[in-house]
Amino acid sequence: MTIDLDTLVQEMTAWRRDLHAHPEFGFEEKRTSAFVAGKLREFGFDDVAEGVGGTGVVGTLRRGSGNRAIALRADMDALRIPEQGELQYRSQNPGVMHACGHDGHTAMLLGAAKLLAADGGFDGTVRFVFQPAEEWGRGALAMLDDGLLKRFPFEEIYGLHNAPGLPVGTFQTRTGPIMSAEDNFEIVLTGVGGHAARPHVGNETLVAACALVTSLQTIVSRRLSPAQIAVVSVTELITDGTRNALPGQARILGDARSFHPEVSAEIEAQMRVISDGIARAYNVEQSVSYTREFVPLLNQPVQTEAALEAAQAVLGSENVSVVSEPFTGSEDFARFLAHVPGCFSFVGNGDSAPLHNPRYDFDDGGLIHGARFHAEIVRRRLAVG
Ligand SMILES: [Zn+2]
Ligand SMILES: [Zn+2]
């Protein structure tokens, strides 16, 4: 059987709009995952597993006798953002919307599943990984913790994200770091508050906190190599002081971005040294909690080369480019790359509102490009003969 691409475009558009109208927040993608599993079964999949890592779905397609396996991944979750605008297919779930285009990613991967199930053209095993809770940075780990790699082994993995501002029908990626780590931190300073007129009686924490906020800026400017890209941002300073009372406690919260695990480790280590030093200087107690929400996304050279070649075959080389700099956004796909090599790439979403904007919408014109890219990478990496 050969799939008619015009019919597939119509179907994918209908799926995408249906998903857009029924967005679900991370780990709540019950309708979405049932929709995905239903479609895969309809396409004649050998094997569809639901409930992987909560609400994840893994579909498996085998052809020929090859023993190699590759994975294609889409994310299914929406955001807690009330949708604005008057789309016919706007969100019917108040306060939740597909503002990051994961409806489009899911529809593109379903399109590839339909193409490959009908037309084959590969030798081996393809795992279609539909992950929950990308926006939280928790869904990939949940699937991995649920035995993804043991139950559905694969040797490499590919993923796509739409990019507003990039013309529809264009493709970008790069080898090495492409999306940043996101670390969060909270530093608590504890002293003795008291009357604003008598600071010498206690050990208030606000002046110490201000010194600490300033000193944290020296991590990037004075502790990291100038060749490294990193950002340390203090975003909140909260005390228990009031107009005429000095605070006994100050909390400093913030966000750090970097592109290598060693840099993230160095930021944490320096933060602990500086926090300890400032606390001693101001005679207050301190504690640092440092968490890694997203790890840096590092594309591997072999798979990136393969992705670029597949994209050129589908879109024409004039529409495929290598980005010179990584982005400081973060992506849960990075968790898979800690275990297997792979490549994450961007496809144009045209002149749309930005990601996470209440007027954002996925451009359906890009669906077929994503589906064909996914199918092409499978046919190249699991080539027949
Ligand atoms: Zn997002
Ligand atoms: Zn996203």
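Our subject is the structure that appears above.
It should be emphasised that the depicted structure is a prediction, and the values quoted were computed from it without experimental measurement.

Chemist: Looking at this structure, I do not really get the layout of surface pockets. What am I missing?
Modeler: Gaps left between atoms show up when a probe the size of a water molecule is rolled over them. Empty space within the largest pocket amounts to approximately 400 Å³. Along the walls of the largest pocket sit 19 residues, with His-161, Met-179, Gly-329, Ser-330 and Leu-355 positioned nearest its centre. If one sorts the elements of the lining of the largest pocket by residue count, strand 5 (residues 156–163) sits on top with 3 residues. Split by residue class, the lining of the largest pocket holds 8 nonpolar, 6 polar and 5 charged.

Chemist: Please explain the coordination of the zinc ion (ligand 1) as it appears in this structure.
Modeler: Metal coordination angles in their ideal form are 109.5 degrees for the four-donor tetrahedron and 90 or 180 degrees for the six-donor octahedron. Each protein donor to the zinc ion (ligand 1) is listed here as Cys-100 (SG), Glu-135 (OE), Glu-135 (OE) and His-356 (NE2); together their distances run 2.0 to 2.6 Å. Considering all 4 donor atoms around the zinc ion (ligand 1), the spread of angles at the metal, 55 to 153 degrees, places the coordination shape in the irregular class. Along the chain, the residues donating to the zinc ion (ligand 1) are arranged with the sequence spacing C-x34-E-x220-H. Between the zinc ion (ligand 1) and the zinc ion (ligand 2), a separation of 3.2 Å is found, and both are coordinated by Cys-100. Note that Glu-135 is positioned in the loop between strand 4 (124–131) and helix 4 (139–145) and His-356 in the loop between strand 16 (342–348) and helix 11 (367–381), a separation of 221 residues in sequence. Judged by relative accessible area, Glu-135 falls into the buried class, the value being 18%.

Chemist: Is there a simple way to think about the packing of aromatic side chains in this case?
Modeler: Aromatic ring pairs are reported here in terms of the distance separating the ring centres and the angle at which the planes meet. Taken as a whole and judged by the stated rule, the model has 9 aromatic pairs. On the basis of an interplanar angle of 70 degrees and a centroid distance of 5.2 Å, the ring pair of Phe-45 and Phe-128 is categorised as edge-to-face. Of this pair, Phe-45 sits in the loop between helix 2 (30–42) and strand 1 (47–52) while Phe-128 is found in strand 4, placing the two residues 83 residues apart along the sequence. Overall, Phe-45 belongs to the buried group, its relative accessible area being 10%. Phe-128 gets classed as buried once you look at its relative accessible area, which sits at 0%. Taking the ring centre of Phe-25 as reference, the NZ or CZ of Arg-80 above it sits at 3.8 Å.

Criteria and thresholds
- Residues numbered from 1 in each chain as written.
- Chains lettered and ligands numbered in written order.
- Predicted model: local features only at pLDDT ≥ 70, side-chain atom pairs only at ≥ 80, totals over all residues.
- Heavy atoms only, no water.
- 1 Å grid on protein atoms, 1.4 Å probe; cavity = no way out; pocket = protein on both sides within 12 Å on 5 of 7 lines; lining within 4 Å.
- Points joined across faces, edges and corners; volume = space filled by probe spheres on them.
- Helix = DSSP H or I, 4+ residues; strand = E, 2+ residues; numbered from the N terminus.
- Nonpolar A, V, L, I, M, F, W, Y, C, P; charged D, E, K, R; others polar.
- Donors = N, O, S within 2.8 Å, 3.2 Å for Na, K, Ca; no water.
- Tetrahedral: all angles 85-135°; square planar, octahedral: opposite > 155°, others 65-115°.
- Buried < 20%, exposed > 50% of the residue type's maximum accessible area, 1.4 Å probe, protein only.
- Phe/Tyr/Trp six-rings, centres within 6.5 Å; stacked < 30°, edge-to-face > 60°.
- Lys NZ or Arg CZ within 6 Å of the ring centre and 35° of its normal.

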